[in-house]
Amino acid sequence: MKLDFLGNLRRTHTCGELRAANDGQQVILMGWVNRRRDLGSLIFVDLRDRTGFTQVVFNAEQNKSLHAKASDLRSEFVVAVKGAVKKRDGNTINKNVPTGEIEVVASELLLLNESKTPPFSPSDDANSTVSNEETRLKYRYIDLRRPQMQANIELRHKVALAIRNDLSQRGFFEIETPFMTRSTPEGARDYLVPSRVHPGQFYALPQSPQLFKQILMISGFDKYFQIVRCFRDEDLRADRQPEFTQIDLEMTFPQQDRVFEVVEGFLTAAFKAAGHELKTPFPRMTYDEAIAQYGSDKPDLRLPAMTDVREAFTPDQLATLQINPSLPVVCVRTPKVGELSRKERDDLKTLVAAKAGIKTIDDLKRLEKSFPDTVSKVREKCGAQADDFLLLVVGAADANIKPAALSSAAGSWRLALAQKFADKHKAFERTGKVDTDYRWLWVTDFPMFEYDDESKRWVAAHHPFTSPHEKDLIAGRLESDPGAVRALAYDAVLNGIEMASGSIRIHQQEIQRQIFKAMGIEREEAQQRFGFFLDALEYGTPPHGGIAMGLDRLVMVLAGGESLREVIPFPKTAQAKDLMVDAPTPVSDEQLQQLGISLKRK
RNA sequence: GGGGACGUAGUUCAGUUGGUUAGAACGCUGCCCUGUCACGGCAGAGGCCGCGGGUUCGAGUCCCGUCGUCCCCGCCA
């Protein structure tokens, strides 16, 4: 087929903007053939670009050769059309599309490019028969033409732009930090980049610009931010990609509240860009409260909290039911589930993996026969409505577990039940109201350390540069009871998703030394791993702190998506592969040789 | 590293107890059609049933292995 060149031809309008008011105008549109409806001597073509589509008409009676050219058009051909906007007659108006009041009567057609028949059509969107993800990812360039994906990527742009503008107005500088940097093994695995100039040595891609941004504070930049790619070589999830984008920021002389103000500020701007008005300040909750009430450090507030109903039981009843009286009796309430059959209750048993020392009671009706007063107290305590499903998560009589472990198990049940019965309680459905659809929360006062059973040592819960609470730095506690030391660390949580994580940092060398010591990191080891940073700390480091928010996750929630892949143009699969470019791949022996790398054969 | 679901036409899927020539819809190709907009009508093409092995007279169907995609646990300071 003979193709035309673009020449000097220029669009007068996009495919989504013509209206009845444009009636009679000569226009030039360019785009893709979304659909073709060939009625013989009358051909309709929906011409699509990212703004929408416009119906173009070719009439054999008016122009035979033009009509003949149009009859060769197929899906996804790229064309330019010259023509006149014509207001449609009453019964031919299409009320379902914004441009439905008009059509363009073509007088000239340029065939700019043809297209193979795509494996799936971007216009399939309307039929909701979207291809499986494997096909979508392989042909990502076609997938991205779908209106939904175009909208998601546009939303991402608008959100990022609003955040940039907001932070800039607050006096933050966007400053770039290196992608090729130093491996600081602690936390996630690094992606490594071999050095050709220094055979046997490696750069690492940053898991976050953490130390660089702290050094920027030491350098006096006062307020820094960056919308920046970060890399972690860990297994993927629907909400985890090996490379992801963070809104990273840091400021000098802040209290935790100053950081919260900044975040709530840029989120207000971001939500506004997405068409939502956000209510600030966000509610707050300590880590301990979150664990006790929600069994999670990232509570989803769209569903009720858990309740400790131990007081509803008498000591005799606890003994009879073989419930450990020293542990909470946690009631998990899932609204509007209604009556469950014996079989449905049995099916629940596999919902959460069994844990030693923890049991559940799912049949309150039966319990009520033996202990009517107790059950009515339980219902009252957790504010149950008649059709709410109540599950008791309790410690077995001989259980040797901590209350937090029980709460955390109950939290798993709370989430699993919430997901299973989402159709019934409808708490996850969009209502159009920002304060019910988007439940933000600050979780504060995380513990400074967590005990790692594998390495048998205390490790930083956030990272080792996080400042402990001043009050918890009483003599000897770092050594005697590290688990009781709280950190000035905080998370922003949205609908049960961890969106941001930050802290006030350590700015005093002496405290930093104590923290490393508590973690069993010797001075030499610390010097070897973070020496450059510890050196920097000694040259007039101001108090500083900040936070990093996941842009992908933020846009995912705003787009109503279930997976980061819906808001990342070129994402990776669960096996960390890019199906479009087919990466990773082996490299040539020559490349390896230059890098001084030899591969171990399996 | 572990658990689960899935893999059949270009796409989305059906395929009964193992039994003739593996089906449907959409898409595609050709012909017809002047008001369609998920256009319509007629005709047609299109299959390594993911791959390898096994059981069987006979396997899309059963078994073992393997590869791929998705979800979850571990992991993710």
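Placed above this text is the structure.
Here's a quick rundown of the structure. Everything quoted here is computed from the prediction, not taken from an experiment. (Residues numbered from 1 in each chain as written. Chains lettered and ligands numbered in written order. Predicted model: local features only at pLDDT ≥ 70, side-chain atom pairs only at ≥ 80, totals over all residues. Heavy atoms only, no water.)

### Side note on the packing of helix H16 (residues 509-518) against helix H17 (residues 523-537)
- The N-to-C vectors of H16 and H17 enclose an angle of 155°; their axes lie 12 Å apart at closest approach. When the axis of H16 is compared with that of H17, the two are roughly antiparallel. As for the relative orientation of H16 and H17, their crossing is right-handed in sense. Every residue of H17 that contacts H16 at Gln-509, Gln-512, Arg-513 and Phe-516 is listed here: Arg-523, Ala-526, Phe-530, Leu-534 and Leu-537.
- Among the residues forming the contact of H16 with H17, the class breakdown is five nonpolar, two polar and two charged. (Axes fitted to C-alpha atoms, helices over the stretch in contact; angles between N-to-C directions. Helix = DSSP H or I, 4+ residues; strand = E, 2+ residues; numbered from the N terminus. Parallel < 35°, antiparallel > 145°, perpendicular 65-115°, else oblique. Left-handed = near helix turned anticlockwise from the far one by under 90°. Contact = heavy atoms within 4.5 Å. Nonpolar A, V, L, I, M, F, W, Y, C, P; charged D, E, K, R; others polar.)

### Section: helix H4 (residues 147-169)
- Its 23 residues place the ends of H4 33 Å apart at the C-alpha level, agreeing with the 33 Å of an ideal helix rising 1.5 Å per residue.
- In this structure, the buried side of H4 is in contact with helix H2 (133-138), helix H3 (140-143), strand S9 (223-231), strand S10 (243-252), helix H6 (256-273) and helix H18 (551-559).
- A positive phi of about 90° marks Gly-171, the residue just after H4. (Expected span 1.5 Å × (residues − 1).)

### Concerning the environment of Gln-322
- Examined against the element boundaries, Gln-322 turns out to sit in the loop between helix H8 (315-320) and strand S13 (330-334).
- Residues Gln-322 and Gly-295 lie 27 residues apart in sequence; the distance between their C-alpha atoms is 22 Å.
- Every residue in contact with Gln-322, bar those within four places of it in the chain, is listed here: Lys-359, Gly-395, Ala-396 and Ala-397.

### Points about the protein's contact with RNA strand B
- As a structural note, the neighbourhood of RNA strand B is formed by 49 residues, with Asp-38, Glu-61, Thr-92, Ala-460 and His-462 the closest of them.
- Taking the atoms of RNA strand B that fall within 4 Å of the protein, sugar and phosphate contribute 54% of them.
- Contacts to RNA strand B include Asp-38, whose backbone N or O atom sits 2.3 Å from a base nitrogen.
- A distance of 3.2 Å separates a phosphate oxygen of RNA strand B from a polar side-chain atom of Ser-41.
- Contributions of two or more residues to the surface near RNA strand B are made by strand S1 (26-38), strand S2 (42-49), strand S3 (52-59) and H2.
- Here the residues of the surface near RNA strand B are counted per class, giving eleven nonpolar, 19 polar and 19 charged. (Near = heavy atom within 4 Å. Polar contact = N/O pair within 3.5 Å; in protein donor to acceptor, adjacent residues only side chain to side chain.)

### Here's the deal with the layout of surface pockets
- Considered as a void within the structure, the second largest pocket measures approximately 780 Å³ in volume.
- Surrounding the second largest pocket, 25 residues form its lining, Tyr-287, Lys-402, Ala-404, Ala-405 and Pro-447 being those nearest its centre.
- Contributing elements (two or more residues each) for the lining of the second largest pocket: helix H7 (287-294), helix H12 (403-420) and strand S17 (449-452).
- Top contributing element to the lining of the second largest pocket by residue count: H12, with five residues.
- Of the residues that constitute the lining of the second largest pocket, the class distribution is 13 nonpolar, five polar and seven charged. (1 Å grid on protein atoms, 1.4 Å probe; cavity = no way out; pocket = protein on both sides within 12 Å on 5 of 7 lines; lining within 4 Å. Points joined across faces, edges and corners; volume = space filled by probe spheres on them.)

### Focus: the side chain of Glu-76
- Among the structural elements, Glu-76 can be located in the loop between helix H1 (64-70) and strand S4 (78-87).
- The class of Glu-76 is buried, set by a relative accessible area of 1%.
- Polar contacts involving the side chain of Glu-76 include one to the side chain of Arg-145, which spans 2.8 Å.
- Beyond its immediate chain neighbours, meaning those up to four positions away, Glu-76 contacts Trp-32, Val-33, Arg-48, Ser-115, Pro-118, Pro-122 and Arg-145. (Buried < 20%, exposed > 50% of the residue type's maximum accessible area, 1.4 Å probe, protein only.)

### Things to note about the packing of aromatic side chains
- Within this structure, the stated rule accounts for 15 aromatic pairs.
- Both rings, one in Phe-282 and one in Trp-440, keep their centres 5.1 Å apart while their planes meet at 5°; by these two values the pair is stacked. Here Trp-440 lies in strand S16 (residues 440-444) and Phe-282 lies in the loop between H6 and strand S11 (284-286), a separation of 158 residues in the sequence. Taken individually, Phe-282 and Trp-440 each receive the classification buried, so the pair is uniform in this respect.
- Here Phe-465 and Phe-533 contribute two aromatic rings whose centre-to-centre distance is 5.0 Å and whose plane-to-plane angle is 70°, an arrangement assigned as edge-to-face. Here Phe-465, found in the loop between strand S18 (457-460) and helix H15 (477-480), pairs with Phe-533, found in helix H17; they are 68 residues apart in sequence, far enough to count as distant. For the pair formed by Phe-465 and Phe-533, the shared burial category is buried. (Phe/Tyr/Trp six-rings, centres within 6.5 Å; stacked < 30°, edge-to-face > 60°.)

### Structural notes on unusual backbone geometry
- The amide bond that connects Thr-280 to the next residue, Pro-281, takes the cis arrangement and shows omega of -5°.
- Position of Pro-281 among the secondary structure elements: in the loop between H6 and S11.
- Residue Ala-583 is joined to Pro-584 through a cis peptide bond whose omega torsion reads 0°.
- Tracing the backbone through its elements, the reader meets Pro-584 in the loop between H18 and helix H19 (589-595).
- For Asp-222, which is not glycine, the phi torsion reads 70° and is therefore positive.
- Of note, Asp-222 is situated in the loop between helix H5 (210-218) and S9.
- Phi at Phe-253 is positive, roughly 55°, even though this residue is not glycine.

### Topic: the nonpolar core
- Counting 43 residues, the largest nonpolar core has Phe-266, Trp-440, Met-549 and Leu-554 as its most contacted members.
- By size, the runner-up hydrophobic cluster in this structure holds 33 residues, among which are Val-485, Ile-511, Ile-515 and Ile-521. (Core = buried A, V, L, I, M, F, W, Y, C linked by side-chain atoms within 4.5 Å.)

### Focus: the pairing of S2
- In terms of burial, S2 is a largely internal element, seven of the eight residues being buried.
- In this sheet, S2 lies alongside S1 in antiparallel orientation, the contact comprising six bridges. Paired with Trp-32 across the two strands is Arg-48, which belongs to S2.
- Taking the residues between adjacent antiparallel strands as the criterion, S1 and S2 are bridged by three residues, where Gly-40 takes a positive phi near 100°.
- Strand direction decides the pairing type here: S2 and S3, joined by eight bridges, are antiparallel. Directly across from Arg-48, in S3, lies its bridge partner Phe-53.
- The hairpin turn running from S2 into S3, its antiparallel successor, is two residues long. (Pairing = 2+ DSSP bridges.)

### Section: the sheet that holds strand S19 (residues 489-494)
- Read from one edge to the other, the open sheet built from eight strands follows the order S6-S9-S10-S21-S20-S19-S16-S11, with strand pairing classed as mixed. With partners counted over all chains shown, the strands left at the sheet margins are strand S6 (173-174) and S11, one partner each.
- Pairing of S16 with S19 involves four bridges; the strand directions are antiparallel. What sits directly across from Trp-442, in S19, is Ala-492.
- This element, H5, spans S9, S10 and strand S21 (544-550) of the sheet and lies at about 25° to S10.
- Each of S11 and S16 is contacted by H7, which is oriented at about 90° to S11, the strand it contacts most.

### Considering the side chain of Asp-4
- The residue Asp-4 is located in the segment before S1 in this model.
- Engagement of the side chain of Asp-4 in a polar contact is seen with the side chain of Lys-69, the distance being 2.7 Å.
- The contacts of Asp-4, once residues within four sequence positions are left out, are Lys-69, Leu-109, Leu-110, Leu-111 and Leu-112.

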